Amino acid sequence: MNPRVFQTEQEAASTCAARIAEAVRHTPELVLGLVTGRSPLNVYRNLVELAARGALDLSRATTFNVDEFLGLPPEDAGSFRAYMDRHLFRHVNLSTERIHFFDGCAPDAEAECARYDAALAAAGGLDLLLLGVGPNGHIAFNEPGEVLTAASHRARLSRETRLSHVMAFGDDPSKVPMAALTLGMAAVLQARKVVVLAFGVNKAAAVTAMVHGPLTPRWPASFLQLHRDVELWLDTGAASGLQGRGLEEARPRHIGT
Ligand SMILES: N[C@@H]1[C@@H](O)[C@H](O)[C@@H](COP(=O)(O)O)O[C@@H]1O
């Protein structure tokens, strides 16, 4: 694992976005795994700025979003699809047919997960997977538990995770869906490169478990230790539990294939 610690989230995000743009320049057909949440917001903002300046052309890239709430149509403001439209898709030149999402309203969740996994396999898997991490160590919606699931699946959301999404649902916890569709641990570990964003001291325990902890389904992110190419983009708060953390300016290498 390769932690890169920045003094501020903004610095990490702009450097990370520049590296993603570089990876797309290097491989215009890049297959990107994308995540929602607070952590990638500044990365997306920077990607939009790069696209506006003509420094990012996503016209040949493919994207797969890693999760979606069950029961929400794409038009619902609380859906991850609506989030992606707001923060990235409507501002860049991605081709609609190469944007892949779980359909949160699919009548058969299992068939929908199989469809998603087949589309991902047909695209050749993920070249670069952008992830966040929950304070409880969840990645995508692979929640802590007794076991983890390899394939895409329907996930029951923990109370803690549901509460962290309450703002998108008018601060009413009862409106946050109870379940979601998520890619599984196999797709995460098979991605050719994984980039994890974590900012703020409330992520420190998850980051520490991810880097130093034993492999345990109690901290799903700990399984990233099995991957040979994971970069962690952190601020000093999120890195505060790491042993021997270097606070020198991080010098990112090339992200991409
Ligand atoms: N399903 C998402 C994850 O994919 C995300 O990475 C994580 C962290 O979110 P945030 O970046 O807002 O802390 O929680 C959410 O529940």
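If you're wondering where the values come from, they're calculated on a predicted model, not measured in any experiment. Here the residue numbers are simple positions, counted from 1 along each chain's written sequence. Local features in a predicted model are, by the rule used here, given only for residues with pLDDT of at least 70; side-chain atom pairs are given and counted only at 80 or more, and totals for whole chains, interfaces and linings are based on all residues. Calculated side-chain values reflect all of the structure's heavy atoms, with hydrogen atoms and water omitted.

> Explain the environment of Ser 158 to me, please; I cannot follow it from the model alone.
Looking at where Ser 158 falls in the secondary structure, it is placed in the loop between strand S7 (153-156) and helix H5 (159-164). We call a residue buried when its accessible area falls under 20% of the maximum for its residue type, exposed when it is over 50%, and partly exposed in between, using a 1.4 Å probe and counting protein chains only. Its relative accessible area of 23% is what places Ser 158 among the partly exposed residues. Any two residues whose heavy atoms approach within 4.5 Å are treated as being in contact. Beyond its immediate stretch of four places on either side in the chain, Ser 158 contacts Asn 136 and Glu 143. Only DSSP runs of H or I with at least four residues qualify as helices, and only runs of E with at least two residues qualify as strands; both kinds are numbered from the N terminus onward.

> What exactly am I supposed to notice about the site of the ligand here?
Around the ligand, 13 residues are found, and the nearest of them are Arg 38, Ser 39, Asp 67, His 165 and Lys 203. Within the contact set of the ligand, a nitrogen atom lies 2.8 Å away from a side-chain nitrogen or oxygen of Asp 67. Ala 140 has a polar backbone atom sitting 3.4 Å from a nitrogen atom of the ligand. In isolation the ligand has 390 Å² of accessible area, and contact with the protein removes 90% of it. In this text, near means that some heavy atom of the residue lies within 4 Å of the molecule or strand in question. Here a polar contact is taken to be a pair of N or O atoms separated by no more than 3.5 Å, where protein atoms must pair a possible hydrogen donor with a possible acceptor and residues adjacent in sequence count only if both atoms sit in side chains. Where accessible areas are quoted, they stem from the Shrake-Rupley method and a 1.4 Å probe; at the residue level, only the protein chains shown are allowed to cover.

> Would you mind showing me how to read the nonpolar core here?
The tendency in soluble globular proteins is for nonpolar side chains to be buried as a group. Buried Ala, Val, Leu, Ile, Met, Phe, Trp, Tyr and Cys residues that are joined via side-chain atoms within 4.5 Å together make up what is termed a nonpolar core. By size, the foremost hydrophobic cluster in this structure holds 83 residues, and its most contacted members are Ile 20, Val 43, Tyr 44, Leu 47, Leu 88, Leu 183 and Val 196. Among the elements that line this core, the one with the most residues is helix H1 (residues 9-26), at eight residues. In this view, Tyr 44 contacts Leu 34, Val 35, Tyr 83, Met 84, His 87, Leu 88 and Leu 130; residues no more than four positions away in its chain are not counted.

> I would appreciate a short explanation of H1 in the present structure.
Since one α-helical turn is 3.6 residues long, residues separated by three or four positions face the same way. Multiplying one less than the number of residues by 1.5 Å gives the expected span of a helix. Taking 1.5 Å as the rise per residue, H1 with 18 residues should run 26 Å; its terminal C-alpha atoms sit 25 Å apart, in good agreement. Considering only its buried residues, H1 is in contact with strand S1 (2-6), strand S2 (31-34), helix H2 (41-52), strand S6 (128-131), strand S9 (193-198) and strand S10 (230-235).

> Help me out: how do you make sense of the packing of H2 against helix H3 (residues 80-87) in this one?
For any two helices packed against each other, one specifies the crossing angle of their axes together with the interaxial distance. Relative orientation of the contacting elements H2 and H3 amounts to 40°, with a least axis distance of 10 Å. As the angle between them shows, H2 and H3 are arranged oblique. Together, Leu 41, Tyr 44 and Val 48 of H2 and Tyr 83, Met 84 and His 87 of H3 make up the contact between the two elements. Axis definition: a line fitted to C-alpha atoms, over the contacting stretch in the case of helices. Angles run 0 to 180 degrees between N-to-C directions. Under this scheme an angle from 65 to 115 degrees is roughly perpendicular, one under 35 degrees roughly parallel, and one over 145 degrees roughly antiparallel; angles in between are oblique.

By themselves, these are just geometric observations and shouldn't be taken as functional.
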